[in-house]
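# Residue-level structural notes
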Amino acid sequence: MSEQILDTRNRPLRDLRISVTDKCNFRCQYCMPAEIFGPDFEFLPQHKLLSFEEITRLTRIFTSVGVGKIRITGGEPLMRKELPKLIEMIRQVDGVQDIAMTTNGSLLARHAKALKEAGLDRVTVSLDSLDDERFGRMNGRGYHVSDVLKGIEAAAEAGLSIKLNMVVQRGVNDEDILPMARFFREQKHTLRFIEFMDVGNSNGWKLDQVVPSSEIVQRIHEEMPLTPIDPNYFGEVASRYRYVGTDQEIGLISSVTQAFCSTCTRARLSAEGKLYSCLFASVGDDLRAPLREGKSDEEIREQIRTIWGKRDDRYSEVRLNDTPGLNKPDKVEMSHIGG
Ligand code: SAM
Ligand code: SF4
Ligand code: SF4
(Lines give C-alpha, C1' and ligand atoms only; values in the text may rest on other atoms or scores of the structure.)
(Ligands and ions follow the chains in the order given, each with its own letter.)
Protein backbone atom coordinates (compact mmCIF):
# COMPACT_ATOMS: atom_id res chain seq x y z
CA MET A 1 0.00 0.00 0.00
CA SER A 2 1.37 3.40 -0.93
CA GLU A 3 1.20 6.36 1.39
CA GLN A 4 -1.95 8.51 1.20
CA ILE A 5 -1.76 12.24 1.46
CA LEU A 6 -4.73 14.40 2.42
CA ASP A 7 -5.36 18.07 1.74
CA THR A 8 -6.84 20.52 4.24
CA ARG A 9 -10.34 19.27 3.35
CA ASN A 10 -9.41 15.60 3.82
CA ARG A 11 -9.36 14.85 0.11
CA PRO A 12 -6.76 12.24 -0.89
CA LEU A 13 -4.56 12.69 -3.96
CA ARG A 14 -5.60 9.90 -6.33
CA ASP A 15 -5.63 11.11 -9.91
CA LEU A 16 -3.01 12.83 -11.99
CA ARG A 17 -3.83 14.58 -15.25
CA ILE A 18 -0.75 15.00 -17.33
CA SER A 19 -0.73 17.55 -20.12
CA VAL A 20 1.83 16.43 -22.69
CA THR A 21 1.64 19.47 -24.96
CA ASP A 22 0.17 22.97 -24.99
CA LYS A 23 -0.39 22.77 -28.76
CA CYS A 24 -3.64 21.86 -30.49
CA ASN A 25 -4.83 21.48 -34.06
CA PHE A 26 -8.30 22.78 -33.05
CA ARG A 27 -9.28 26.29 -31.97
CA CYS A 28 -12.41 25.64 -29.95
CA GLN A 29 -13.79 29.04 -29.02
CA TYR A 30 -14.39 27.99 -25.40
CA CYS A 31 -10.81 26.80 -24.92
CA MET A 32 -8.26 28.24 -27.37
CA PRO A 33 -10.01 31.01 -29.31
CA ALA A 34 -8.29 31.73 -32.64
CA GLU A 35 -8.13 35.47 -31.91
CA ILE A 36 -5.79 34.77 -29.02
CA PHE A 37 -4.11 31.56 -30.13
CA GLY A 38 -3.27 32.97 -33.57
CA PRO A 39 -0.22 32.49 -35.82
CA ASP A 40 1.93 34.67 -33.54
CA PHE A 41 1.09 32.85 -30.36
CA GLU A 42 4.21 31.39 -28.81
CA PHE A 43 3.81 27.83 -27.70
CA LEU A 44 6.37 26.18 -25.45
CA PRO A 45 9.66 25.25 -27.10
CA GLN A 46 10.59 21.56 -26.92
CA HIS A 47 13.24 21.98 -24.20
CA LYS A 48 10.67 23.45 -21.82
CA LEU A 49 8.37 20.44 -22.11
CA LEU A 50 8.86 17.63 -19.64
CA SER A 51 10.59 14.75 -21.40
CA PHE A 52 9.04 11.28 -21.35
CA GLU A 53 11.67 10.24 -18.79
CA GLU A 54 10.77 13.19 -16.56
CA ILE A 55 7.03 12.48 -16.83
CA THR A 56 7.62 8.82 -16.00
CA ARG A 57 9.80 9.64 -13.03
CA LEU A 58 7.17 12.04 -11.68
CA THR A 59 4.47 9.41 -12.24
CA ARG A 60 6.50 6.99 -10.12
CA ILE A 61 6.79 9.57 -7.36
CA PHE A 62 3.08 10.39 -7.54
CA THR A 63 2.06 6.74 -7.30
CA SER A 64 4.14 6.45 -4.14
CA VAL A 65 1.83 9.02 -2.50
CA GLY A 66 -1.45 7.46 -3.60
CA VAL A 67 -2.05 8.25 -7.28
CA GLY A 68 -3.47 5.26 -9.18
CA LYS A 69 -5.18 6.85 -12.14
CA ILE A 70 -3.43 8.71 -14.90
CA ARG A 71 -5.09 10.78 -17.60
CA ILE A 72 -3.08 12.05 -20.56
CA THR A 73 -4.36 15.34 -21.94
CA GLY A 74 -3.27 18.65 -23.45
CA GLY A 75 -3.66 20.73 -25.66
CA GLU A 76 -4.21 17.88 -28.03
CA PRO A 77 -2.16 14.97 -26.64
CA LEU A 78 -1.83 13.32 -30.06
CA MET A 79 0.16 16.35 -31.24
CA ARG A 80 3.00 15.08 -29.04
CA LYS A 81 5.32 12.90 -31.07
CA GLU A 82 5.71 9.25 -30.11
CA LEU A 83 2.97 9.35 -27.49
CA PRO A 84 2.61 5.52 -27.44
CA LYS A 85 6.19 5.38 -26.17
CA LEU A 86 5.20 7.48 -23.15
CA ILE A 87 2.15 5.30 -22.50
CA GLU A 88 4.39 2.25 -22.56
CA MET A 89 6.73 3.86 -20.02
CA ILE A 90 3.90 4.90 -17.70
CA ARG A 91 2.34 1.43 -17.97
CA GLN A 92 5.43 -0.06 -16.35
CA VAL A 93 5.18 2.11 -13.26
CA ASP A 94 4.08 0.14 -10.19
CA GLY A 95 0.82 1.44 -8.78
CA VAL A 96 -0.60 2.76 -12.05
CA GLN A 97 -4.00 1.08 -12.23
CA ASP A 98 -5.57 2.95 -15.09
CA ILE A 99 -4.35 5.07 -18.01
CA ALA A 100 -6.84 7.19 -19.92
CA MET A 101 -6.49 9.91 -22.52
CA THR A 102 -8.72 12.84 -23.47
CA THR A 103 -8.48 13.73 -27.15
CA ASN A 104 -10.34 15.66 -29.82
CA GLY A 105 -10.22 12.42 -31.83
CA SER A 106 -9.08 13.97 -35.12
CA LEU A 107 -5.76 12.08 -35.11
CA LEU A 108 -6.99 9.01 -33.28
CA ALA A 109 -7.64 6.80 -36.32
CA ARG A 110 -3.91 6.87 -37.03
CA HIS A 111 -2.78 6.10 -33.50
CA ALA A 112 -5.47 4.03 -31.76
CA LYS A 113 -3.89 0.63 -32.32
CA ALA A 114 -0.41 1.68 -31.19
CA LEU A 115 -1.85 3.39 -28.12
CA LYS A 116 -3.75 0.27 -27.10
CA GLU A 117 -0.71 -1.92 -27.66
CA ALA A 118 1.34 0.44 -25.53
CA GLY A 119 -1.07 -0.06 -22.63
CA LEU A 120 -3.66 2.71 -22.85
CA ASP A 121 -6.92 1.56 -21.24
CA ARG A 122 -9.44 4.21 -22.15
CA VAL A 123 -10.08 7.22 -24.33
CA THR A 124 -12.46 10.09 -23.86
CA VAL A 125 -13.19 11.67 -27.20
CA SER A 126 -14.52 15.22 -27.26
CA LEU A 127 -17.20 15.93 -29.83
CA ASP A 128 -19.60 18.87 -29.61
CA SER A 129 -21.88 18.33 -32.60
CA LEU A 130 -22.82 15.90 -35.35
CA ASP A 131 -23.62 18.77 -37.67
CA ASP A 132 -20.61 19.19 -39.91
CA GLU A 133 -20.95 22.91 -40.44
CA ARG A 134 -21.46 23.69 -36.77
CA PHE A 135 -18.69 21.34 -35.74
CA GLY A 136 -16.29 22.95 -38.22
CA ARG A 137 -17.13 26.36 -36.80
CA MET A 138 -16.81 25.20 -33.19
CA ASN A 139 -13.43 23.58 -33.71
CA GLY A 140 -12.28 26.74 -35.49
CA ARG A 141 -10.37 24.83 -38.15
CA GLY A 142 -13.06 23.23 -40.29
CA TYR A 143 -12.40 19.66 -39.16
CA HIS A 144 -15.18 17.25 -40.10
CA VAL A 145 -17.36 15.16 -37.83
CA SER A 146 -16.28 12.14 -39.90
CA ASP A 147 -12.62 12.73 -38.88
CA VAL A 148 -13.61 12.19 -35.26
CA LEU A 149 -16.03 9.33 -35.96
CA LYS A 150 -13.26 7.47 -37.78
CA GLY A 151 -11.08 7.94 -34.70
CA ILE A 152 -13.81 6.53 -32.46
CA GLU A 153 -14.26 3.56 -34.76
CA ALA A 154 -10.53 2.84 -34.78
CA ALA A 155 -10.40 3.09 -31.00
CA ALA A 156 -13.28 0.60 -30.69
CA GLU A 157 -11.58 -1.77 -33.13
CA ALA A 158 -8.36 -1.54 -31.15
CA GLY A 159 -10.23 -2.56 -28.01
CA LEU A 160 -10.00 0.74 -26.14
CA SER A 161 -12.84 1.61 -23.85
CA ILE A 162 -14.53 4.81 -25.11
CA LYS A 163 -16.51 7.69 -23.70
CA LEU A 164 -17.61 10.90 -25.39
CA ASN A 165 -17.48 14.43 -23.98
CA MET A 166 -19.77 17.14 -25.28
CA VAL A 167 -19.47 20.70 -23.98
CA VAL A 168 -22.90 22.27 -24.21
CA GLN A 169 -23.34 26.00 -24.84
CA ARG A 170 -26.76 27.56 -25.11
CA GLY A 171 -27.34 29.11 -28.51
CA VAL A 172 -24.20 27.44 -29.89
CA ASN A 173 -24.83 23.68 -29.86
CA ASP A 174 -27.65 22.95 -27.44
CA GLU A 175 -29.78 21.81 -30.37
CA ASP A 176 -27.29 18.95 -30.74
CA ILE A 177 -28.10 17.46 -27.33
CA LEU A 178 -30.79 15.11 -28.63
CA PRO A 179 -29.10 14.10 -31.92
CA MET A 180 -25.90 13.33 -29.97
CA ALA A 181 -27.83 11.36 -27.32
CA ARG A 182 -29.66 9.32 -29.96
CA PHE A 183 -26.54 8.61 -31.99
CA PHE A 184 -24.31 7.46 -29.15
CA ARG A 185 -27.09 5.46 -27.51
CA GLU A 186 -27.31 3.60 -30.79
CA GLN A 187 -23.51 3.27 -30.98
CA LYS A 188 -23.46 2.01 -27.37
CA HIS A 189 -20.95 4.59 -26.16
CA THR A 190 -21.42 6.63 -22.99
CA LEU A 191 -21.88 10.30 -23.77
CA ARG A 192 -21.08 12.83 -21.07
CA PHE A 193 -22.48 16.33 -21.21
CA ILE A 194 -20.23 19.01 -19.76
CA GLU A 195 -21.50 22.34 -18.56
CA PHE A 196 -19.65 25.19 -20.24
CA MET A 197 -17.08 26.49 -17.75
CA ASP A 198 -15.23 29.74 -17.24
CA VAL A 199 -11.79 28.15 -17.71
CA GLY A 200 -8.86 30.50 -18.34
CA ASN A 201 -9.41 34.19 -19.00
CA SER A 202 -10.19 34.23 -22.68
CA ASN A 203 -13.31 32.25 -23.46
CA GLY A 204 -15.91 34.99 -22.81
CA TRP A 205 -17.87 32.86 -20.34
CA LYS A 206 -21.39 33.99 -19.58
CA LEU A 207 -23.75 32.25 -17.22
CA ASP A 208 -26.64 32.44 -19.69
CA GLN A 209 -24.67 30.20 -22.06
CA VAL A 210 -24.58 27.42 -19.48
CA VAL A 211 -27.24 24.78 -20.01
CA PRO A 212 -27.75 23.26 -16.55
CA SER A 213 -27.43 19.47 -16.41
CA SER A 214 -30.93 19.29 -14.98
CA GLU A 215 -32.24 20.78 -18.22
CA ILE A 216 -30.17 18.40 -20.35
CA VAL A 217 -31.52 15.40 -18.45
CA GLN A 218 -35.04 16.75 -18.75
CA ARG A 219 -34.79 17.25 -22.50
CA ILE A 220 -33.47 13.72 -23.08
CA HIS A 221 -35.84 12.14 -20.58
CA GLU A 222 -38.85 13.51 -22.45
CA GLU A 223 -37.89 11.47 -25.49
CA MET A 224 -35.85 8.62 -24.02
CA PRO A 225 -36.74 7.95 -20.37
CA LEU A 226 -33.80 7.99 -17.96
CA THR A 227 -33.23 6.66 -14.48
CA PRO A 228 -30.39 7.75 -12.13
CA ILE A 229 -27.54 5.35 -11.27
CA ASP A 230 -25.38 5.41 -8.13
CA PRO A 231 -21.79 6.66 -8.45
CA ASN A 232 -19.19 3.99 -9.19
CA TYR A 233 -16.64 5.29 -6.69
CA PHE A 234 -15.81 8.20 -4.38
CA GLY A 235 -14.90 11.25 -6.40
CA GLU A 236 -16.60 10.22 -9.61
CA VAL A 237 -17.14 13.48 -11.49
CA ALA A 238 -20.10 12.57 -13.63
CA SER A 239 -23.57 11.91 -12.32
CA ARG A 240 -24.98 9.02 -14.31
CA TYR A 241 -28.31 8.06 -15.81
CA ARG A 242 -29.38 4.91 -17.62
CA TYR A 243 -31.83 4.77 -20.50
CA VAL A 244 -34.75 2.83 -19.05
CA GLY A 245 -34.84 -0.76 -20.32
CA THR A 246 -31.23 -0.72 -21.58
CA ASP A 247 -27.73 -0.93 -20.12
CA GLN A 248 -26.75 2.24 -21.99
CA GLU A 249 -25.95 5.31 -19.93
CA ILE A 250 -25.12 9.01 -20.08
CA GLY A 251 -23.11 11.19 -17.71
CA LEU A 252 -23.43 14.80 -16.66
CA ILE A 253 -20.47 16.86 -15.56
CA SER A 254 -22.12 19.71 -13.74
CA SER A 255 -19.13 21.76 -12.66
CA VAL A 256 -21.19 24.93 -12.70
CA THR A 257 -24.59 24.04 -11.23
CA GLN A 258 -23.54 21.16 -8.93
CA ALA A 259 -19.93 21.69 -7.94
CA PHE A 260 -18.16 18.52 -6.81
CA CYS A 261 -15.10 20.06 -5.13
CA SER A 262 -15.71 18.18 -1.88
CA THR A 263 -14.68 14.91 -3.54
CA CYS A 264 -12.04 16.30 -5.92
CA THR A 265 -8.96 14.08 -5.78
CA ARG A 266 -7.25 15.38 -8.93
CA ALA A 267 -3.95 17.14 -9.49
CA ARG A 268 -2.80 18.50 -12.84
CA LEU A 269 0.67 18.54 -14.26
CA SER A 270 1.22 21.04 -17.08
CA ALA A 271 3.33 20.31 -20.14
CA GLU A 272 6.16 22.38 -18.66
CA GLY A 273 6.03 20.57 -15.34
CA LYS A 274 3.95 22.83 -13.13
CA LEU A 275 1.68 21.17 -10.63
CA TYR A 276 -1.80 22.67 -10.22
CA SER A 277 -4.07 21.58 -7.42
CA CYS A 278 -7.21 22.91 -9.15
CA LEU A 279 -8.39 23.40 -12.73
CA PHE A 280 -8.92 27.06 -11.89
CA ALA A 281 -5.66 27.68 -10.03
CA SER A 282 -3.80 30.69 -11.34
CA VAL A 283 -0.37 29.55 -10.23
CA GLY A 284 1.28 26.18 -10.28
CA ASP A 285 4.32 24.82 -8.46
CA ASP A 286 7.30 24.11 -10.64
CA LEU A 287 8.44 20.48 -10.51
CA ARG A 288 10.66 20.71 -13.59
CA ALA A 289 13.33 22.77 -11.87
CA PRO A 290 13.86 20.30 -9.01
CA LEU A 291 13.93 17.45 -11.56
CA ARG A 292 16.58 19.20 -13.62
CA GLU A 293 18.55 20.39 -10.60
CA GLY A 294 19.11 16.78 -9.59
CA LYS A 295 16.85 16.64 -6.55
CA SER A 296 16.18 13.15 -5.21
CA ASP A 297 12.83 11.35 -5.49
CA GLU A 298 12.34 11.85 -1.75
CA GLU A 299 12.92 15.60 -2.02
CA ILE A 300 10.38 15.89 -4.84
CA ARG A 301 7.95 13.65 -2.97
CA GLU A 302 8.25 15.95 0.02
CA GLN A 303 7.50 18.94 -2.21
CA ILE A 304 4.34 17.21 -3.48
CA ARG A 305 3.28 16.33 0.08
CA THR A 306 3.64 19.99 1.04
CA ILE A 307 1.69 21.27 -1.98
CA TRP A 308 -1.16 18.81 -1.46
CA GLY A 309 -1.08 19.22 2.31
CA LYS A 310 -1.93 22.89 2.05
CA ARG A 311 -4.48 22.50 -0.75
CA ASP A 312 -7.71 24.31 -0.01
CA ASP A 313 -9.17 24.76 -3.54
CA ARG A 314 -12.91 24.72 -4.08
CA TYR A 315 -13.34 27.16 -6.93
CA SER A 316 -16.57 25.73 -8.36
CA GLU A 317 -18.26 25.65 -4.97
CA VAL A 318 -17.32 29.26 -4.38
CA ARG A 319 -18.59 30.25 -7.84
CA LEU A 320 -21.84 28.41 -7.11
CA ASN A 321 -22.33 30.38 -3.92
CA ASP A 322 -21.21 33.71 -5.32
CA THR A 323 -22.85 33.82 -8.76
CA PRO A 324 -26.22 35.51 -8.81
CA GLY A 325 -28.58 33.25 -10.74
CA LEU A 326 -26.82 30.08 -9.60
CA ASN A 327 -27.26 30.28 -5.86
CA LYS A 328 -31.00 29.72 -5.89
CA PRO A 329 -32.63 26.77 -4.16
CA ASP A 330 -34.33 25.56 -7.36
CA LYS A 331 -31.11 25.31 -9.34
CA VAL A 332 -30.50 21.58 -9.37
CA GLU A 333 -33.81 19.80 -9.14
CA MET A 334 -33.42 16.55 -10.99
CA SER A 335 -35.17 14.31 -8.53
CA HIS A 336 -38.51 14.41 -10.32
CA ILE A 337 -36.98 12.13 -12.92
CA GLY A 338 -37.55 9.32 -10.41
CA GLY A 339 -35.48 6.35 -9.33
N1 SAM B 1 -7.75 18.43 -26.78
C2 SAM B 1 -8.31 17.39 -26.01
C3 SAM B 1 -9.82 17.39 -26.13
O4 SAM B 1 -10.40 18.38 -26.58
O5 SAM B 1 -10.41 16.39 -25.73
C6 SAM B 1 -7.87 17.36 -24.56
C7 SAM B 1 -7.79 18.67 -23.84
S8 SAM B 1 -9.33 19.52 -23.60
C9 SAM B 1 -8.80 20.97 -22.75
C10 SAM B 1 -10.10 18.53 -22.35
C11 SAM B 1 -11.60 18.66 -22.24
O12 SAM B 1 -11.91 19.93 -21.71
C13 SAM B 1 -12.37 18.53 -23.54
O14 SAM B 1 -13.38 17.55 -23.42
C15 SAM B 1 -12.96 19.89 -23.72
O16 SAM B 1 -14.18 19.83 -24.41
C17 SAM B 1 -13.10 20.38 -22.30
N18 SAM B 1 -13.18 21.85 -22.19
C19 SAM B 1 -12.32 22.76 -22.68
N20 SAM B 1 -12.73 24.01 -22.40
C21 SAM B 1 -13.89 23.89 -21.70
C22 SAM B 1 -14.81 24.83 -21.12
N23 SAM B 1 -14.63 26.13 -21.21
N24 SAM B 1 -15.88 24.33 -20.47
C25 SAM B 1 -16.07 22.99 -20.37
N26 SAM B 1 -15.24 22.07 -20.88
C27 SAM B 1 -14.17 22.52 -21.55
FE1 SF4 C 1 -7.92 21.83 -28.47
FE2 SF4 C 1 -9.24 20.30 -26.79
FE3 SF4 C 1 -9.04 22.91 -26.31
FE4 SF4 C 1 -10.53 22.10 -28.33
S5 SF4 C 1 -10.86 21.66 -26.15
S6 SF4 C 1 -9.01 23.75 -28.41
S7 SF4 C 1 -9.46 20.31 -29.01
S8 SF4 C 1 -7.38 21.46 -26.32
FE1 SF4 D 1 -11.50 20.23 -8.19
FE2 SF4 D 1 -10.97 22.84 -8.46
FE3 SF4 D 1 -12.76 21.66 -10.06
FE4 SF4 D 1 -13.34 22.08 -7.48
S5 SF4 D 1 -12.99 23.64 -9.02
S6 SF4 D 1 -13.71 20.17 -8.65
S7 SF4 D 1 -11.32 21.75 -6.53
S8 SF4 D 1 -10.56 21.21 -9.95
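Residues numbered from 1 in each chain as written. Chains lettered and ligands numbered in written order. Predicted model: local features only at pLDDT ≥ 70, side-chain atom pairs only at ≥ 80, totals over all residues. Heavy atoms only, no water.

A few words on the UniProt feature "binding site: GTP" (unreviewed entry) in the protein chain. Here the UniProt feature "binding site: GTP" (unreviewed entry) sits at Arg-17, Arg-71, Thr-102, Lys-163, Arg-266, Ala-267 and Arg-268. Among the annotated residues just listed, those that line the second largest pocket are Arg-17, Arg-71, Lys-163 and Arg-266. Here Thr-102 is to be found in strand S3 (residues 98-103). Under the relative-accessibility criterion, Thr-102 is labelled buried at 17%. (UniProt positions renumbered as here; feature names shortened; annotations may be inferred. 1 Å grid on protein atoms, 1.4 Å probe; cavity = no way out; pocket = protein on both sides within 12 Å on 5 of 7 lines; lining within 4 Å. Helix = DSSP H or I, 4+ residues; strand = E, 2+ residues; numbered from the N terminus. Buried < 20%, exposed > 50% of the residue type's maximum accessible area, 1.4 Å probe, protein only.)

Now for the pairing of strand S10 (residues 266-269). Burial along S10 is two-sided: Arg-266 and Arg-268 and Ala-267 and Leu-269, pointing in opposite directions, are all buried. Bridge count for strand S1 (residues 15-19) against S10 is four bridges, and the pairing is parallel. Bridge pairing in S10 places Arg-17 opposite Arg-268. Taking the residues between adjacent antiparallel strands as the criterion, S10 and strand S11 (residues 274-276) are bridged by four residues, where Gly-273 takes a positive phi near 90 degrees. (Pairing = 2+ DSSP bridges.)

Before going further, it helps to examine the packing of helix H2 (residues 83-91) against helix H3 (residues 108-118). Put simply, H2 and H3 touch, their axes get as near as 8 Å, and they point 15 degrees apart. By the angle between their axes, H2 is roughly parallel relative to H3. Between H2 and H3 the crossing geometry is right-handed. Contacts from Leu-83, Pro-84, Ile-87, Glu-88 and Arg-91 of H2 reach H3 at Ala-114, Leu-115 and Ala-118. Of the residues that constitute the contact of H2 with H3, the class distribution is six nonpolar, no polar and two charged. (Axes fitted to C-alpha atoms, helices over the stretch in contact; angles between N-to-C directions. Parallel < 35°, antiparallel > 145°, perpendicular 65-115°, else oblique. Left-handed = near helix turned anticlockwise from the far one by under 90°. Contact = heavy atoms within 4.5 Å. Nonpolar A, V, L, I, M, F, W, Y, C, P; charged D, E, K, R; others polar.)

The feature "binding site: [4Fe-4S] cluster 2" (unreviewed entry), as annotated in UniProt, sits at Cys-261, Cys-264 and Cys-278 in this numbering. Judged by maximum C-alpha separation, these annotated positions cover 18 residues in sequence but sit close together in space, the widest gap being only 9.3 Å. Summarising the element assignment, Cys-264 is placed in the loop between strand S9 (249-253) and S10. For Cys-264, a relative accessible area of 11% corresponds to the buried category. Those residues in contact with Cys-264, other than ones at most four positions away along the chain, are Arg-11, Trp-308 and Arg-311. Note on placement: Cys-278 falls in the loop between S11 and strand S12 (285-286). Other than its neighbours up to four places away in sequence, Cys-278 contacts Arg-268, Asp-313 and Tyr-315.

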